[in-house]
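Each chain, written out:
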Amino acid sequence: MSHILSWIIFIPLLGVPILFFLPREKGKWVALVATIIDFIVAIPLFLEYDKSLKGVTKLSEFQFIEQFQWIPSLGVDYLLGVDGISISMILLTLIIGVVAVLASWNINKYERGYFSMFLLLQSAMLGVFMALDLILFYLFWEVMLFPMYFLIGVWGGPRRVYAAIKFFLYTLLGSIGMLLAILGMWYFAPGDSTFNMIEMLQRVQAGGTFNGPLIFGMEFVKVIFIALFIGFAIKVPIFPFHTWLPDAHVEAPTAISVILAGVLLKMGTYGFLRLNFPLFPETFEWFRDFLVALAVINIIYGALCALAQRDLKKMVAYSSISHMGFVLLGLAAATPQGVNGAVLQMFNHGTITAMLFLLVGVIYDRAHHRNIDGFGGIASVTPVYATITSIAYMAAIGLPGLSGFISELLILTGSFKVYQVPTILSGLGIIFGAGYMLYAYQRIFFGPVNEKYKDLLEINRVELFSVVPLVIIVVFLGIFPNTLIEFFEVSLNHYSSIFVK
Amino acid sequence: MSFIQTAIPFVPILPLIGALILGFFGKRIQASVGEFKTGILGCLTPGLAAVISFASFFVLITLEPEQRVFTIHLTDWISVAELDVQWAFRYDPLSALMLMIVTGIGTLIHIYSMGYMHDDQSYWRFFSYINLFLAAMLLLVLGDNLVIMFLGWEGVGLCSYLLIGFWFSDSDNAQAGKKAFLFNRVGDLGFITGIFLLYLFSSQHYDIVTLSFGELDQRALFLSKSSLWDYPLLEIAALCFFIGAMGKSAQIPLYVWLPDAMAGPTPVSALIHAATMVTAGVYMIGRMYFLFALAPNVLMFVSWIAALTCFFSATIGMAQFDIKKVLAYSTVSQLGYMFLAMGVGAFSAGIFHLLTHAAFKAALFMGSGSVIVALHHKQDMREMGGLLKKMPVTGWSMIAATLAIMGFPLTSGFFSKDEILWKAYMQGSPALWLIGFTAAGITSFYMWRLIFMTFFGESRCDKHTWDHVKEQPKRTVVPIAILAFLALVLGFLNIPHFLGGHSGFTDYLSPVVQDLEIAPSKLIETSSLIDTHVSSTMTDESLSVEEDHTQLEWTLMILSVLWTIFTGLIAFFFYYLSPKTRQIIMSFIWAKKLFQLLSDKYYIDELYEIVIITPIKAIFQICSLHDQKVIDGIVNFAGFFGKWIAKISAVFDNQIVDGCVNGTGWLSQFSGQGFSRLQSGKIQSLVGASLLVGIGFIVLLVFYFI
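No experiment lies behind these values; they were computed from the predicted model shown. (Residues numbered from 1 in each chain as written. Chains lettered and ligands numbered in written order. Predicted model: local features only at pLDDT ≥ 70, side-chain atom pairs only at ≥ 80, totals over all residues. Heavy atoms only, no water.)

S.K.: What am I meant to see in the overall build of chain A here?
M.R.: For chain A, the helix and strand inventory stands at 18 helices and two strands. Taken against the 2.2 N^0.38 rule, which gives 23 Å for 501 residues, the C-alpha radius of gyration of chain A at 22 Å falls within 12% of a compact globule. Along the first, second and third principal axes, the C-alpha atoms of chain A reach 70 × 60 × 45 Å. In chain A, once contacts between residues fewer than 6 apart in sequence are set aside, the share between residues at least 24 apart is 80%. In chain A, which carries 28 positive and 29 negative side-chain charges, the distance between the mean positions of the two groups comes to 8 Å. (Helix = DSSP H or I, 4+ residues; strand = E, 2+ residues; numbered from the N terminus. Rg over C-alpha atoms; globule rule 2.2 N^0.38 Å. Contact = heavy atoms within 4.5 Å. Lys, Arg positive; Asp, Glu negative; His and termini not counted. Charge placed at Lys NZ, Arg CZ, Asp CG, Glu CD.)

Here is the structure:
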């Protein structure tokens, strides 16, 4: 199929008009069919993907490229392409899309609105991972934020408005800086002005530099680097820009939490990989130690905050912050193991945390609260749910044999080469991680049965359909991680060669 | 493909299949075919694995010693750039031995569990977990590289967690499981740091790093020349691995989880917390003896930690009343002996003690389980007594195992423990020997105390229970008897030279594990000796060295035999002959105090609570508050401030700007109506708000990083 990338991006969007011709209860079916078709359409992408091409800084080695002029007067192109950095993220987005539709099965308020926002979000996320033109990238990026705001603000929990506004303001701030940075990069690009980010990367690789003026007495590249960094850091999120995340998660409906944790957080680290670090390798060197510090803070601080939570969803949200810290650590190390591990961790965190949020959703739908101390002994009431939850928690803890371990191991081996002490400190995060996960598990599932929940319903079929595929992925990638790693290894080894000299 | 290469991968895979079948369909299977057949299914896969293990062993010993190492590659696992970790197994004399211990004792305990877990609702779940445990343990043993070993290492930890908390409706059990997991995690951080260290330095000098033991063995000498932070690399790495061993094998200071782990069903205590999992640390050192041999300082450290663990946990064991707690502290203490052997470089002696301990401690635990079931789940020895008449098989088996653990002449413990004490004297120091020697006496005391309190004297349980006490069914007692028999005879595998034997066991291990011939302390003194750290064969010279010490060896042996018999007699006197004397002594205030100190385990748990747990709790509360109050405080303030400014500016627009617009024609001409509209209203509020948030962020940045 020609134009496969465009098809993948816009198939979800094609579902939106159909929503308005069908009864509103059918909305979920439209969304399900759209996301499944999208997945099926994308299969050739993964089958025909050439794993030996480097991509990253070489436009000729990107695959499935689509390019035509969009705004010729400004030199903006509609430019899509895929390389090792994006391929696994596309796969993740497609999987999480289907899973999240299943998690939306109980939505019964303004279904049309919900699913149209949902499908728009899905399209935009896929677009971000494929766009190679800065303006197109920025457009998808902004389009992605807008439905998110409504999905939290309209379909969320009691404090949804506060959470939505907080989310919006945080990300708006990031976006403003990003837009200014993009304009600056365009204007002062090495050689002719261009929005083509790969072209820019190629020129930087060839020795080109951004020759902008000093801004507030700081070097141009450093200012641009930091502006971009903050824009992406808010998404990751990196301390101290992280407090929107727990609120957004707690208020968002389950499916949106799944997307938020599963895909949206990866936008930030994807941005680092695609633009921020490779475009400014020297500035990256300058920033690197600081980045490691941030990574360690994220890992430990996130885990400590998770230990203090009594709301299960908030705990999972903080665990996300901690786990995303590992991605940062791998990126900061910039060794082949570090960056491969980081991208694998992006994928694994997406699937594992999606599972965790789905499972929180299951219990919340039944008990209507998420207080860790408000349950007890339900392992004997709902054994299947308890078993699946234990697998998910163990994956989050990083138990060997499950996927989370592989990525954390790669990241830590990679970062140990460059930063020994921070790596060992990060190890503390793993111990704390076991602490909060086991604490929560013990309080909820073990002990005497709480009389209030002795008739709790077992996990139902739709919920199983959403969780079990993720369980399978997590186990499979724990045993055969190379099946995924080989998709991006060549690209990321090349990426790492930009830095390691 | 030889038999070994084909069959060995099935050893861990079979129990795994069993675990999966029982895990997914166990409930239905149990409902349809009943408990007994479910149990048979549970025993089937370990049994087959045991058959393969023993068959492979007999194939192995027909080969020439130098051909006894097999590596079996299955497929790739993790490969990125120079890192290339394989799914591969290593079958050699050491892992062959461990396979037999794990599958052999494992199978016996599975059979035993069929009786012990009788009438438990989650019978199937128990067998599923314990099958899974076997699979993980076998992976640990068979793993050809550090990462697979770590997989098994964590896997057994998980199963231990699941099985300690098996009766999870009691919160204490679940708590104990969590404690075990977390203490192990601390050790695991050490283990994995060790992996990173070896990887880091290996990757600096070689193009490919598989982390396999064969590869490490080849590179160890080269790596020993590297250093990190001015310390020899291998010393740091060995220390890291030993920290891992401290967690898994319950050495000071990470031992406190093991006694609590007795909350699990007794077969679990026997299999996991006595015979197999807790000895993983010893196995690991044996597996990487080449690395530890190059780290003499760490070996010294190991031997001292081990000796202290051995002594202190033995003393705690004297003051426990819970029959399983006595055995738990005894296990910690015996693990101390094994590490003592490892620490003085007598690797084969340590592994030999691992073997004999697996037999006698499993027998003791299973015997105690048999007693506990007979008494309707009473574990307090103060409510036992006189059980030998009613439970002869259990009783005599436990007595046999007790003879072994005290080191009574010609039992297995006699050979293995004496070898350790001898090596501790020769290659460690007389002080190490003295500690181990004292602990041996204490061991004999608390074990005979256990036997006399449980099986002799008057019954102290209520009449109803006493009337119903009976010997357990065959499937429970036969495995105990088999292990007790092994506990008596296994020692003959390794009769030392001075007693006219051939040290057959040491020879058997020699292709893969070679003992140090020089004391670690001497290795430190003469670093030039490092290059000749391990001699490939016993030289004539070293034999003659041993000749010279025969007399000393005899003396020490006789001393320890007399000493253990003496302390055993003390127990006999206090707990059988004359309990009155005991009561008189115990009425002294100092005796009470001492007993209290021992039975409260030197207040180590309380110390952990104060020194580690409370501060961590405080820290995470502070972090959480910091998030809520400080960071969100700034964010909310920025939002609030922004809204306020927007309001003021709206007022300003309406009243003043618009007033001016209306009042002065020149301004309206200049700015224009449209522009004025754009300026006022919502858009402006939004821009104002976001600018203010921006300022808020800059404040945040300044606050944090400048």
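S.K.: What should I look at first to understand the overall build of chain B in this one?
M.R.: Scanning chain B for helices and strands turns up 32 helices and four strands. Buried residues in chain B amount to 59% of all 706 residues. For chain B, the proportion of contacts with a sequence separation of at least 24, taken over those separated by at least 6, is 80%. Working note: accessible area of chain B is about 27800 Å², and carbon and sulfur atoms make up 68% of it. (Buried < 20%, exposed > 50% of the residue type's maximum accessible area, 1.4 Å probe, protein only. Areas by Shrake-Rupley, 256 points an atom, 1.4 Å probe, with all protein chains shown as cover.)

S.K.: Looking at this structure, how should I read the environment of valine 76 of chain A?
M.R.: All names here are of chain A. Of note, valine 76 is situated in strand 2 (residues 76–82). Spatially, the C-alpha atom of valine 76 lies 48 Å from that of methionine 437, the residues being 361 residues apart in sequence. Leaving out residues up to four positions away in the same chain, valine 76 has contacts with Gln69, Trp70, Ile71, Asp133, Ile135 and Phe195.

S.K.: Quick question: what am I supposed to make of the interface of chain A and chain B here?
M.R.: Often, the extent of an interface is quoted as the loss of accessible area upon association of its parts. Across the contact, 70 residues belong to chain A and 56 residues belong to chain B. Between chain A and chain B lies a buried interface of about 5500 Å² when both sides are counted; carbon and sulfur atoms form 76% of it. Inspection of the region where chain A meets chain B yields one salt bridge. Linking chain A with chain B are 20 residue pairs in polar contact (both at pLDDT 80 or more). Of all the secondary-structure elements, those providing two or more residues to the side of chain A that touches chain B are helix 6 (160–187), helix 11 (281–308), helix 13 (336–367), helix 14 (383–397), helix 15 (403–416), helix 16 (420–445), helix 17 (461–479) and helix 18 (482–499) of chain A. Here the side of chain A that touches chain B is built from residues that sort into 48 nonpolar, 18 polar and four charged. (Buried area = accessible area lost by both parts, 1.4 Å probe. Salt bridge = Lys/Arg side-chain N within 4 Å of Asp/Glu carboxyl O. Polar contact = N/O pair within 3.5 Å; in protein donor to acceptor, adjacent residues only side chain to side chain. Nonpolar A, V, L, I, M, F, W, Y, C, P; charged D, E, K, R; others polar.)

S.K.: I would appreciate a short explanation of unusual backbone geometry in the present structure.
M.R.: Glycine aside, the phi torsion of most residues is negative, and most peptide linkages are trans. Here the bond from valine 236 of chain A into proline 237 of chain A is cis, since omega is -10 degrees, no more than 30 degrees from zero. Tracing the backbone shows proline 237 of chain A in the loop between helix 8 (220–235) and helix 9 (244–251). With an omega of 0 degrees, the peptide bond between phenylalanine 239 of chain A and proline 240 of chain A qualifies as cis. At histidine 377 of chain B, a position not held by glycine, the phi torsion is positive, near 60 degrees. For histidine 377 of chain B, a relative accessible area of 51% corresponds to the exposed category.

S.K.: Can you help me understand the pattern of salt bridges in this one?
M.R.: Proximity of charged atoms lets side chains of opposite charge pair with each other. Residue and element names in this part refer to chain A. Scanning all chains against the criterion turns up 22 salt bridges over all chains. Across the salt bridge formed by lysine 222 and glutamate 219, the nearest N and O atoms sit 3.4 Å from each other. Residue classification places glutamate 219 among the partly exposed residues on the basis of a relative accessible area of 41%. A salt bridge links glutamate 463 to arginine 366; its shortest N-O distance comes to 2.9 Å. Of this pair, glutamate 463 sits in helix 17 while arginine 366 sits in helix 13, placing them 97 residues apart in sequence. Each member of the salt-bridge network shares a partner with another, and the members are Arg159, Lys166 and Asp247.

S.K.: What am I meant to see in the side chain of arginine 219 of chain B here?
M.R.: Residues and elements named next belong to chain B. Position of arginine 219 among the secondary structure elements: in helix 8 (residues 213–223). Among the polar contacts made by the side chain of arginine 219, one reaches the main-chain carbonyl oxygen of isoleucine 208 at a distance of 3.0 Å. What arginine 219 contacts, discounting residues up to four positions off in sequence, is Ser202, Tyr206, Ile208 and Val209.

S.K.: Whenever I open this one, the packing of aromatic side chains confuses me. Can you help?
M.R.: In this description, a pair of aromatic rings is defined by centroid distance and the angle of the planes. Evaluation of the coordinates by the stated rule reveals 85 aromatic pairs over all chains. Centre to centre, the rings of phenylalanine 588 of chain B and tryptophan 590 of chain B are 6.2 Å apart; their planes meet at 10 degrees, and the pair counts as stacked. For lysine 235 of chain A, the ring lying beneath its charged end belongs to tryptophan 244 of chain A, and the centroid distance is 5.4 Å. Looking at lysine 390 of chain B, its charged tip hangs above the ring of tryptophan 466 of chain B, at a distance of 4.9 Å from the centre. (Phe/Tyr/Trp six-rings, centres within 6.5 Å; stacked < 30°, edge-to-face > 60°. Lys NZ or Arg CZ within 6 Å of the ring centre and 35° of its normal.)

S.K.: I would appreciate a short explanation of the packing of helix 19 (residues 412–428) of chain B against helix 20 (residues 430–455) of chain B in the present structure.
M.R.: Each pair of packed helices can be described by the angle between their axes along with the distance between the axes. Residues and elements named next belong to chain B. Where helix 19 meets helix 20, the closest approach of the two axes is 7 Å, and the angle between their N-to-C directions is 160 degrees. In terms of orientation, helix 19 and helix 20 fall into the roughly antiparallel class. In contact with Lys417, Leu421, Ala424, Tyr425 and Gly428 of helix 19, helix 20 contributes Pro430, Leu432, Trp433, Gly436, Phe437, Ala440 and Thr443. Looking at the contact of helix 19 with helix 20, its residues break down into eight nonpolar, three polar and one charged. (Axes fitted to C-alpha atoms, helices over the stretch in contact; angles between N-to-C directions. Parallel < 35°, antiparallel > 145°, perpendicular 65-115°, else oblique.)

S.K.: Please clarify how a nonpolar patch on the surface should be interpreted in this entry.
M.R.: Residue and element names in this part refer to chain B. Taken together, the side chains of Phe10, Ile13, Leu16, Ile17, Leu20, Ile21, Phe24 and Phe25 make up a nonpolar region of the molecular surface, amounting to roughly 720 Å² of accessible area. Position of phenylalanine 10 relative to the elements: it lies in helix 2 (residues 10–33). Relative accessible area serves as the criterion here: at 44%, phenylalanine 10 is assigned to the partly exposed category. (Patch = residues over 30% accessible without salt bridge, like charges linked within 9 Å, V, L, I, M, F, W, Y side chains within 5 Å.)

S.K.: Would you explain the state of the cysteines in this entry?
M.R.: Here, the word disulfide means a covalent bond between the sulfur atoms of two cysteines. Under the definition given, this model contains zero disulfides over all chains. A disulfide-free cysteine, cysteine 43 of chain B has its sulfur positioned 17 Å from the sulfur of cysteine 159 of chain B, the nearest such atom. (Disulfide = S-S within 2.5 Å.)

S.K.: What am I meant to see in the pairing of strand 1 (residues 70–80) of chain B here?
M.R.: For a regular strand, the rule is simple: side chains alternate between the two faces of the sheet. All names here are of chain B. Across nine bridges, strand 1 lies against strand 2 (residues 83–91) in antiparallel orientation. Within the sheet, the bridge partner assigned to threonine 71 lies in strand 2 and is arginine 90. As consecutive antiparallel partners, strand 1 and strand 2 are separated by two residues, and within that stretch alanine 81 has a phi angle of approximately 50 degrees, a positive value. (Pairing = 2+ DSSP bridges.)

S.K.: It is not clear to me how the confidence of the model for chain B should be interpreted in this structure. Could you clarify?
M.R.: If pLDDT is low for a region, its predicted coordinates should not be looked at in detail. Residues and elements named next belong to chain B. Considering every residue of chain B, the mean pLDDT works out to 82; 88% of them sit at 70 or more. Here residues 528–546 is a poorly scored stretch, pLDDT under 50, and it has 18 contacts once near neighbours within four places are set aside; other chains count. Contacts for the low-pLDDT stretch residues 663–687, under 50 throughout, to residues beyond four places or in other chains number 13 contacts. Quick note on the complex model: pTM equals 0.86, ipTM equals 0.85. (pLDDT = per-residue confidence, 0-100.)

S.K.: Can you help me understand the packing of helix 12 (residues 312–333) of chain A against helix 13 of chain A in this one?
M.R.: Residues and elements named next belong to chain A. Two numbers describe how helix 12 lies on helix 13: the axes approach to 8 Å, and their chain directions differ by 175 degrees. Regarding the angle of helix 12 to helix 13, the classification is roughly antiparallel. Residue-level inspection shows Leu312, Lys313, Val316, Ala317, Ser320, His323, Met324, Phe326, Val327, Gly330 and Leu331 of helix 12 in contact with helix 13, the latter providing Gly338, Val339, Ala342, Gln345, Met346, His349, Thr353, Leu356, Phe357 and Val360. Grouping the constituent residues of the contact of helix 12 with helix 13 by class yields 13 nonpolar, seven polar and one charged.

S.K.: How should the pairing of strand 2 of chain A be read in this particular structure?
M.R.: All names here are of chain A. The buried fraction of strand 2 is high, at seven of seven residues. Residues Val76, Tyr78, Leu80 and Val82 of strand 2 are buried on one face, and the alternating residues Asp77, Leu79 and Gly81, pointing to the opposite face, are buried as well. Pairing between strand 1 (residues 63–71) and strand 2: six bridges, direction antiparallel. Considered in strand 2, the bridge of glutamate 66 is made with leucine 80. Here strand 1 folds back onto strand 2, and the loop between the two strands holds four residues, one of which, glycine 75, carries a positive phi near 75 degrees.

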